[in-house]
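The lines below spell out each chain.
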Amino acid sequence: MVDSHCHLYDDKIVDRCQDIISNFQNDNIDYVIIPSCDYDSEQKALNLAKRYDKVYCALAVHPHDAKNYDALCEKFVLDNYSNAKVVALGEFGFDYFYNLSPYQKQFEVAERQMVLCNECDLPAIFHIRDGLANETEHFDAYKDFFSLANRYSLKRSGVLHCFGGDKDKARKALDLGFYISFTCNVTYKSNEHLREALKYIPMDRLLIETDSPYMSPRHQRNLPNEPKNVKYVAECMSEIKNIDIENVYNITKENTEKLFYKI
Ligand SMILES: [Zn+2]
Ligand SMILES: [Zn+2]
């Protein structure tokens, strides 16, 4: 099985990073993809990908850090995108929940990175999180994402990681040709709308991930998440889609390799 999105350089798990990677075989993990969030993590993600066979990476600036996007971040992407282990640009997009960067800046930086995806001939990993409804003028991150995605057609498509939308948003993403990735939060009791969306999305457009160290499984919410827990996402998918778990592993792996074509 594949964990298509985990931050192994994160402070919460970095001291166990080497052990986690050496256990991949025992844990039935074929490989993982490590996205980055800022200039610092772009370097960390690429270093891990260069060091370990079963690690790939993606480069980009997260909406939280859009305010710090500069020529240096962009130069790093342009200098390294052709490395065989760099399989996407990500994660980037819109986060109106924390609003750590001003709305205008998030839009501008997301737009710029859409352009870069086509320049680098790579797919995108999107981070999209709504704000609390009606609290600010811009709370509907998916609306802004779809308006941007409608204007730029991505040559190599992309994935909406840690999907947090409903069936309607899933349909819009599918219409644009995107893949949709679920984390362990699909197992949380309160997230019935995610399971509804999952039921609706065809198997050939689904990816699985942990977003480690975040989004820990329901029964381990106080522990940092790690790639081996991607099995809980697969389990949930297997139940909802009523297909064998081995099939879930295989199909989501195939989907990962269709999207991230350099793997
Ligand atoms: Zn994210
Ligand atoms: Zn992430």
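Keep in mind that what you see is a predicted model, and the values were worked out from it rather than measured.

### Re the coordination of the zinc ion (ligand 2)
Line of reasoning, step 1. The protein atoms that coordinate the zinc ion (ligand 2) are H5 (NE2), H7 (NE2), E91 (OE) and D211 (OD), at distances spanning 2.1 to 2.4 Å.
Line of reasoning, step 2. Every donor counted, the 4 donor atoms about the zinc ion (ligand 2) form angles of 88 to 175° at the centre, which fits irregular coordination.
Line of reasoning, step 3. Along the chain, the residues donating to the zinc ion (ligand 2) fall in the pattern H-x1-H-x83-E-x119-D.
Line of reasoning, step 4. Here the zinc ion (ligand 2) and the zinc ion (ligand 1) are spaced 3.4 Å apart, linked through E91, which binds each one. Residue H7 is found in the loop between β1 (2-3) and α1 (17-22), and its partner D211 is found in the loop between β8 (206-208) and α8 (230-241); the two are separated by 204 residues along the sequence.
Line of reasoning, step 5. With a relative accessible area of 4%, H7 lands in the buried category.
Line of reasoning, step 6. Of the residues examined, D211 reaches a relative accessible area of 9% and is grouped as buried.

### Some points on the packing of aromatic side chains
Line of reasoning, step 1. Throughout the structure, instances matching the rule amount to 15 aromatic pairs.
Line of reasoning, step 2. Among the aromatic residues, those joined into a cluster by ring pairs are F92, F126, Y142, F145, F146, F163, F178 and F182.
Line of reasoning, step 3. Seen from the ring of Y261, R156 lies directly overhead, with NZ or CZ sitting 3.9 Å from the centre.
Line of reasoning, step 4. Above the face of the Y188 ring, R221 is positioned so that its terminal group lies 3.8 Å from the ring centre.

### Examining the pairing of strand β3 (residues 55-59)
Line of reasoning, step 1. For β3, the buried fraction is high: 5 of the 5 residues fall into the buried class.
Line of reasoning, step 2. Here β3 shows no split at all, with V55, C57 and L59 on one side and Y56 and A58 on the other all buried.
Line of reasoning, step 3. Bridge analysis of strand β2 (residues 31-34) against β3 gives 3 bridges, and the strand direction is parallel. Its bridge partner lying in β3, V32 is registered against V55.
Line of reasoning, step 4. As a crossover connection, the stretch from β2 through helix α2 (residues 39-51) into β3 is right-handed.
Line of reasoning, step 5. Bridge count for β3 against strand β4 (residues 86-95) is 3 bridges, and the pairing is parallel. If you follow L59 over to β4, its bridge partner there is L89.

### Here's the deal with helix α3 (residues 71-80)
Line of reasoning, step 1. Looking only at α3, the buried set comprises C73, E74, F76, V77 and N80. The buried residues of α3 occupy one face: seen down the axis, they fall within an arc of 155°.

### A short note on unusual backbone geometry
Line of reasoning, step 1. Of the consecutive residues G90 and E91, the connecting peptide bond is found in the cis state with omega at 0°.
Line of reasoning, step 2. Note that E91 resides in strand β4.
Line of reasoning, step 3. Here the bond from S212 into P213 is cis, since omega is 5°, no more than 30 degrees from zero.
Line of reasoning, step 4. Inspection of the secondary structure assignment puts P213 in the loop between β8 and α8.
Line of reasoning, step 5. Unusually for a residue other than glycine, C162 sits at a positive phi of about 45°.
Line of reasoning, step 6. When you line up the elements, C162 lands in the loop between β6 (158-161) and α6 (167-175).
Line of reasoning, step 7. Note on C162: relative accessible area 14%, which makes it buried.

### Considering the state of the cysteines
Line of reasoning, step 1. Taken as a whole, this structure holds 0 disulfides when the rule is applied.
Line of reasoning, step 2. The cysteine C17 is free of any disulfide, with C6 supplying the nearest cysteine sulfur at 8.7 Å.
Line of reasoning, step 3. Here C236 stays free of any disulfide, with the sulfur of C184 as its closest cysteine sulfur at 9.6 Å.
Line of reasoning, step 4. A relative accessible area of 10% places C236 in the buried class.

### Some words on the coordination of the zinc ion (ligand 1)
Line of reasoning, step 1. Around the zinc ion (ligand 1), the protein supplies E91 (OE), H127 (ND1) and H161 (NE2) as donor atoms, at distances of 1.9 to 2.1 Å.
Line of reasoning, step 2. Look at where the donors of the zinc ion (ligand 1) fall in the sequence and you get E-x35-H-x33-H.

Reading the values: rules and limits
Residues numbered from 1 in each chain as written. Chains lettered and ligands numbered in written order. Predicted model: local features only at pLDDT ≥ 70, side-chain atom pairs only at ≥ 80, totals over all residues. Heavy atoms only, no water. Donors = N, O, S within 2.8 Å, 3.2 Å for Na, K, Ca; no water. Tetrahedral: all angles 85-135°; square planar, octahedral: opposite > 155°, others 65-115°. Helix = DSSP H or I, 4+ residues; strand = E, 2+ residues; numbered from the N terminus. Buried < 20%, exposed > 50% of the residue type's maximum accessible area, 1.4 Å probe, protein only. Phe/Tyr/Trp six-rings, centres within 6.5 Å; stacked < 30°, edge-to-face > 60°. Lys NZ or Arg CZ within 6 Å of the ring centre and 35° of its normal. Pairing = 2+ DSSP bridges. Right-handed = clockwise from strand over helix to strand, strands pointing away. Arc of directions from axis to C-beta. Disulfide = S-S within 2.5 Å.

Bear in mind that shape data such as this cannot, by itself, settle questions of function.
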